[in-house]
Amino acid sequence: MEEIEVCVCKRITLSEILQVIDEEGIKELETLIEKTKAGTVCKMCISPEEDPYGERDIHLTELLK
Ligand code: FES
């Protein structure tokens, strides 16, 4: 199965992000960005607001809900 890349710039997959959220009990966006480095380049993967043209399928804020 092909892995979904949440952060295309840093090549971080959905399962990697979910694992970090789970293992570290992350609730805050800032912490998630700091730990994974996802969202540190173009920032479009952070939230739908940062991605006005819908170029990313999934965003960090949606994974923290
Ligand atoms: S896709 Fe995550 S910073 Fe660009």
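Right above here is the structure, for reference.
Just so you know, these numbers come straight off a predicted model, no measurement behind them.

Considering the arrangement of structural elements, one finds T36 in helix α2 (residues 29-36). Since its relative accessible area comes to 13%, T36 is described here as buried. There is a polar contact of 3.1 Å between the side chain of T36 and the backbone nitrogen of A38. When neighbours within four sequence positions are excluded, T36 is seen to be in contact with I12 and V20.

Take the nonpolar core next. As a rule of thumb, soluble globular proteins bury nonpolar side chains together. If you look at the biggest cluster of nonpolar residues, it comprises 16 residues, and the most contacted ones within it are V6, I17, L32, A38, L60 and L63. Where this core is concerned, the elements lending two or more residues are β1 (5-7), α1 (14-24), α2 and α3 (60-64). Ignoring anything within four residues of it in the chain, the contact list for L63 reads V6, L14, I17, L18, I21 and I58.

This next bit is on the pattern of salt bridges. In total, this model carries two salt bridges according to the counting rule given. A salt bridge links E5 to R11; its shortest N-O distance comes to 3.0 Å. With a relative accessible area of 28%, E5 lands in the partly exposed category. Using a relative accessible area of 61% as the deciding quantity, one classes R11 as exposed.

Criteria and thresholds
Residues numbered from 1 in each chain as written. Predicted model: local features only at pLDDT ≥ 70, side-chain atom pairs only at ≥ 80, totals over all residues. Heavy atoms only, no water. Helix = DSSP H or I, 4+ residues; strand = E, 2+ residues; numbered from the N terminus. Buried < 20%, exposed > 50% of the residue type's maximum accessible area, 1.4 Å probe, protein only. Polar contact = N/O pair within 3.5 Å; in protein donor to acceptor, adjacent residues only side chain to side chain. Contact = heavy atoms within 4.5 Å. Core = buried A, V, L, I, M, F, W, Y, C linked by side-chain atoms within 4.5 Å. Salt bridge = Lys/Arg side-chain N within 4 Å of Asp/Glu carboxyl O.

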